[in-house]
Amino acid sequence: MPRISRRTLLTGLGAGALAAAAGCTTRHPAPGAADGPVTGAWPSPAPVPPVTVNAATGPVLVPGAPMRVVVLDTDVLDSALTLGITPVGAALPGRDTSYPEYWPASRTAGIRLVGPVGAPDLPTVRALRPDLILSNQTRDGDRYEQLREIAPTVLTQTSGAPWKADFQLHAQALSREAAGAAFAGAYQKHAGQVAQALAAAKLSGRKVSLVRFVEGGGIRLFGRQSFPGTVLSDAQIGRPDAQNVDQSDFEIPPDQLARADGDLLLYATYGDPELSGATAALASPGWQALGAVKGHRAFPVDDQLWFQGIGYTGANYVLDELQRFLGA
């Protein structure tokens, strides 16, 4: 399977899905109308009726086709942008200083930062006059009542492993269910193509290790019940024994770095490399002794994509990078 550039992937996957979303509003000449240029104003499209969404907090009535959307975590940022909606405001993880680079700057340039994930500035959110707020209970459950006073607020239970079901809820809240289904189908097809390419290259047995150095959170290994873990599973890629567990992630002390080994080792850093322990770990004898490191099969990856890009656009880019790293 040819490797796909990020721009090509975004364009190709997005075109069909967004066409599905736009199909219901495409304007056609009335029956019997003459061919050629059409003059005069088109009639305004009928308003989209409100939608009741079964969120983690219970049923929430949201406006049809909301346009002024505020997103308070990275999964809902990916969902909104994937579905063709640029939020008016977004929260970012506290150690991040810019929006994810896997999105073109033109898609994120107009988004107002409303504070850190888990502690958004509510007056800033209110000033944006949103007609919908998206987040999850893990981040914003304790301020749900305050948020719903600003605008209808749809929370999933959490983010990470249930990202596919969460995306469908986001698509419903954004009146983009057709596009959501199209993106889901395109992703499953892409994952199958990557799995086939790995099998054809006799690489199916490779086990991929996922390591994240987290400022304030130490050295973390990621299991199957995480966003990148589910993407690896979808591509039928195995995991080292230490990470082949039904967990999202777990911390290890520096003297247990051997648990981070794999046929391929992918690592990222969240926050300052010194404060996250990345600098010390990468220079340590334990890291240098790993088979993946000695075999030049350990690679840094973009933290905002691999561990924060929780959604179909992020997942498609992860699949493409996995194929490249594995050499299929």
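The structure presented is a predicted model; accordingly, all values stated were derived computationally and were not measured.

What about the overall build of the protein chain?
Point 1. Counting its regular elements, the protein chain contains 15 helices and twelve strands.
Point 2. A buried classification covers 49% of the 328 residues belonging to the protein chain.
Point 3. Across the protein chain, every contact between residues at least 6 apart in sequence was considered, and the portion connecting residues at least 24 apart equals 66%.
Point 4. Surface exposure of the protein chain reaches about 14,900 Å², of which carbon and sulfur atoms provide 53%.

Let's talk about the packing of helix α9 (residues 227–234) against helix α15 (residues 312–326)
Point 1. Remark: α9 packs on α15, axes separated minimally by 10 Å, with the N-to-C direction vectors making an angle of 60°. By the angle class used here, α9 and α15 are oblique. Where α9 crosses over α15, the two elements pack in a sense that is right-handed. Touching Phe227, Val231 and Leu232 of α9 are Gly314, Ala315, Val318, Leu319 and Leu322, all from α15.
Point 2. Here the residues of the contact of α9 with α15 are counted per class, giving seven nonpolar, one polar and no charged.

Let's talk about the packing of helix α7 (residues 163–173) against helix α8 (residues 177–200)
Point 1. Orientation of α7 relative to α8, taken along the N-to-C sense of each, is 155°, at an axis distance of 8 Å. Classed by the angle they form, the pair α7 and α8 counts as roughly antiparallel. Of the two elements, α7 crosses α8, and the hand of that crossing is right-handed. For the pair α7 and α8, contact is made by Trp163, Lys164, Phe167, Gln168, Ala171 and Gln172 and by Glu177, Gly180, Ala181, Phe183, Ala184, Tyr187 and Gln188, respectively.
Point 2. Classifying every residue of the contact of α7 with α8 gives seven nonpolar, four polar and two charged.

Remarks on the pattern of salt bridges
Point 1. One pass over the structure, following the stated rule, counts eleven salt bridges.
Point 2. Residues Lys164 and Asp234 are paired through a salt bridge, measuring 2.7 Å at the closest nitrogen-oxygen approach. Linking Lys164 in helix α7 with Asp234 in helix α9, this pair joins segments that are 70 residues apart in sequence.
Point 3. By relative accessible area, Lys164 is classed as partly exposed at 25%.

Regarding unusual backbone geometry
Excluding glycine, residues mostly have negative phi values, and the peptide bonds linking residues are mostly trans.
Point 1. Here the phi dihedral of Lys202 falls at roughly 60°; this positive angle occurs in a residue that is not glycine.
Point 2. The topology assignment puts Lys202 in the loop between α8 and β8 (208–214).
Point 3. In this structure Lys202 comes out as exposed when scored by relative accessible area, which is 74%.
Point 4. The backbone of His296 shows a phi angle near 60°, a positive value even though the residue is not glycine.
Point 5. Considering the arrangement of structural elements, one finds His296 in the loop between α13 (291–294) and β12 (298–300).

A closer look at the pairing of strand β10 (residues 249–252)
Point 1. What you see with β10 is a clean split: Phe250 and Ile252 sit on the buried side and Asp249 and Glu251 on the side with no burial.
Point 2. One ladder, built from four bridges, connects strand β9 (residues 218–222) with β10; its direction is antiparallel. Bridge pairing in β10 places Phe222 opposite Asp249.

Examining the sheet that holds strand β5 (residues 112–116)
Within a beta sheet, neighbouring strands are joined by backbone hydrogen bonds and run either parallel or antiparallel to one another.
Point 1. Strands sit in the order β5-β4-β3-β6-β7 across an open sheet of five strands; the sheet is parallel. Since the sheet does not close on itself, it has two edges, and those belong to β5 and β7 (153–156), each with one partner. Taking each pair of neighbouring strands and ignoring which way they run, the sheet shows an average axis angle of 20°.
Point 2. Sheet topology note: the strand β4 (residues 89–92)/β5 ladder contains three bridges and is parallel. Counterpart to Gly89 in the pairing with β5 is Arg112.

Thoughts on the side chain of Thr108
Point 1. Assignment of secondary structure puts Thr108 in helix α3 (residues 105–108).
Point 2. Non-local contacts of Thr108, meaning those with residues more than four positions away in its chain, are made with Leu81, Tyr99 and Trp103.

Rules behind the numbers
- Residues numbered from 1 in each chain as written.
- Predicted model: local features only at pLDDT ≥ 70, side-chain atom pairs only at ≥ 80, totals over all residues.
- Heavy atoms only, no water.
- Helix = DSSP H or I, 4+ residues; strand = E, 2+ residues; numbered from the N terminus.
- Buried < 20%, exposed > 50% of the residue type's maximum accessible area, 1.4 Å probe, protein only.
- Contact = heavy atoms within 4.5 Å.
- Areas by Shrake-Rupley, 256 points an atom, 1.4 Å probe, with all protein chains shown as cover.
- Axes fitted to C-alpha atoms, helices over the stretch in contact; angles between N-to-C directions.
- Parallel < 35°, antiparallel > 145°, perpendicular 65-115°, else oblique.
- Left-handed = near helix turned anticlockwise from the far one by under 90°.
- Nonpolar A, V, L, I, M, F, W, Y, C, P; charged D, E, K, R; others polar.
- Salt bridge = Lys/Arg side-chain N within 4 Å of Asp/Glu carboxyl O.
- Pairing = 2+ DSSP bridges.

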